[in-house]
Amino acid sequence: MRYTADTVVITAGTTGQVLLIQRDWPPYQGCWALPGGHQDPGETSLQAAIRELREETGVHLHTSALHEIGTWAAPGRDPRGPYSTTAYVATVPATTRIVAGTDARAVRWWPLHDLPDLAFDHADILAAAITLLPPA
């Protein structure tokens, strides 16, 4: 089993946008996904989520800003083999600056009501995160 961490970053207030990256590597090269990636040895999933978010999008958050959503580990969720991801959610100001970094061809804010198809099981993770957010 390989371990990853993913982060759902949503703008605060009524703007209702989520931060997505366009993957620059297989699997799902060119597809949109939540920021995230492999957990390094000696790293917690929360530390991996913070690091991957910073590396892929340029967004720097403190660990206290992220709240765990849950773990996704269904067989077949990743075409590379058995993977388990722990997902987190954070809200940020709508003015938060983003820049594509490692493993990201592009990065952008997407309206929650007009999302592209998402890689892996990220649509399920996003749906779970939305249920945890306070009403706008």
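Along every chain, residues carry numbers that run from 1 in the direction the sequence is written. In keeping with the predicted nature of the model, local features appear solely for residues at pLDDT of at least 70, side-chain atom pairs appear and are counted solely at 80 or more, and the whole-chain, interface and lining totals rest on all residues. As a convention, hydrogens and water are excluded, and side-chain values are obtained from all of the structure's heavy atoms.

We now examine the overall build of the protein. Across its full length, the protein carries two helices and seven strands. Helix and strand labels come from DSSP, where a helix needs a run of H or I of at least four residues and a strand needs a run of E of at least two; each type is numbered from the N terminus. Its helices and strands in sequence order give the protein the pattern β-β-β-β-α-β-β-β-α, from N to C terminus. Its C-alpha atoms give the protein principal-axis dimensions of about 40 × 30 × 25 Å. To sort residues, take the accessible area from a 1.4 Å probe on protein chains only and compare it with the maximum for the residue type: under 20% means buried, over 50% means exposed, and anything in between is partly exposed. Burial statistics for the protein: of 136 residues in total, 47% are counted as buried. For accessible areas, the Shrake-Rupley method is used with a probe of radius 1.4 Å. Any residue's cover is judged against the shown protein chains and nothing else. Surface summary for the protein: the accessible area is close to 6900 Å², and the carbon and sulfur share equals 54%. Under the counting rule used here, the positive set is Lys and Arg, the negative set is Asp and Glu, and His together with the chain ends is not counted. We put the charge of a Lys on NZ, of an Arg on CZ, of an Asp on CG and of a Glu on CD. Taking the average location of the 9 positive side-chain charges in the protein and that of its 14 negative ones, the two points are 4 Å from each other.

Aromatic contacts are taken between Phe, Tyr and Trp rings whose centres are within 6.5 Å, Trp giving its six-membered ring; a plane angle under 30 degrees counts as stacked, one over 60 as edge-to-face, and the others as tilted. Applying the stated criterion to the full structure yields two aromatic pairs. Arranged with centres 4.7 Å apart and planes meeting at 65°, the rings of tyrosine 28 and phenylalanine 120 form a pair that is edge-to-face. Taken together, the residues tyrosine 28 in the loop between strand S2 (17-23) and strand S3 (32-33) and phenylalanine 120 in the loop between strand S7 (104-111) and helix H2 (122-132) connect sequence positions 92 residues apart. Tyrosine 28 gets classed as partly exposed once you look at its relative accessible area, which sits at 35%. Between tryptophan 32 and tryptophan 110 the ring centres are 5.3 Å apart and the planes differ by 70°, which places this aromatic pair in the edge-to-face class. Highlighted residues: tryptophan 32 in strand S3 and tryptophan 110 in strand S7, separated in sequence by 78 residues.

Turning our attention to the environment of arginine 77. Topologically, arginine 77 is positioned in the loop between strand S5 (67-72) and strand S6 (83-92). The spatial distance from the C-alpha of arginine 77 to the C-alpha of glutamine 39 is 17 Å, given a sequence separation of 38 residues. Within the local environment of arginine 77, its side chain forms a polar contact with the side chain of aspartate 121, the two groups lying 2.7 Å apart. Each polar contact in these results corresponds to two N or O atoms within 3.5 Å; when the atoms are within protein, one needs to be able to donate a hydrogen and the other to accept it, and residues that are neighboring in sequence are counted only if both atoms are side-chain atoms.

Only buried residues count toward a nonpolar core, which is a set of Ala, Val, Leu, Ile, Met, Phe, Trp, Tyr and Cys residues joined through side-chain atoms within 4.5 Å. Counting residues in each nonpolar core, the largest one holds 20 residues, and the members touching the most others are Val9, Leu19, Leu53, Leu61 and Leu66. If you list the elements that add at least two residues to this core, you get strand S1 (2-11), S2, helix H1 (45-57), S6 and S7. For this core, the element with the most residues is H1, which contributes four residues. Contact definition: two residues touch when any of their heavy atoms are within 4.5 Å. Setting aside residues no more than four positions away along its own chain, leucine 61 makes contact with Ile50, Leu53, Leu66, Ala90 and Val92. Judged by nonpolar contacts, the second largest core, of 15 residues, contains Val8, Val18, Trp72 and Val89.

Next up on the list: H1. Expected span of a helix: the number of residues minus one, times 1.5 Å. For H1, spanning 13 residues, the distance from its first C-alpha to its last is 18 Å, which sits close to the expected 18 Å at 1.5 Å a residue. For H1, the complete set of buried residues consists of Ser45, Ala48, Ala49, Ile50, Arg51, Glu52, Leu53, Glu56 and Thr57. Among the structural elements, S1, S2, strand S4 (36-38), S6 and S7 are those in contact with the buried residues of H1. Remark: glycine 58 follows H1 within two positions and exhibits a positive phi of approximately 80°.

Turning our attention to unusual backbone geometry. The linkage connecting proline 26 with the following residue, proline 27, adopts the cis geometry, with an omega of -5°. Secondary-structure assignment places proline 27 in the loop between S2 and S3. The backbone of tyrosine 28 sits at a positive phi, close to 65°, despite the residue not being glycine. At aspartate 103, a position not held by glycine, the phi torsion is positive, near 65°. In this fold, aspartate 103 is placed in the loop between S6 and S7.

In short, shape yes, function no, at least from these values alone.
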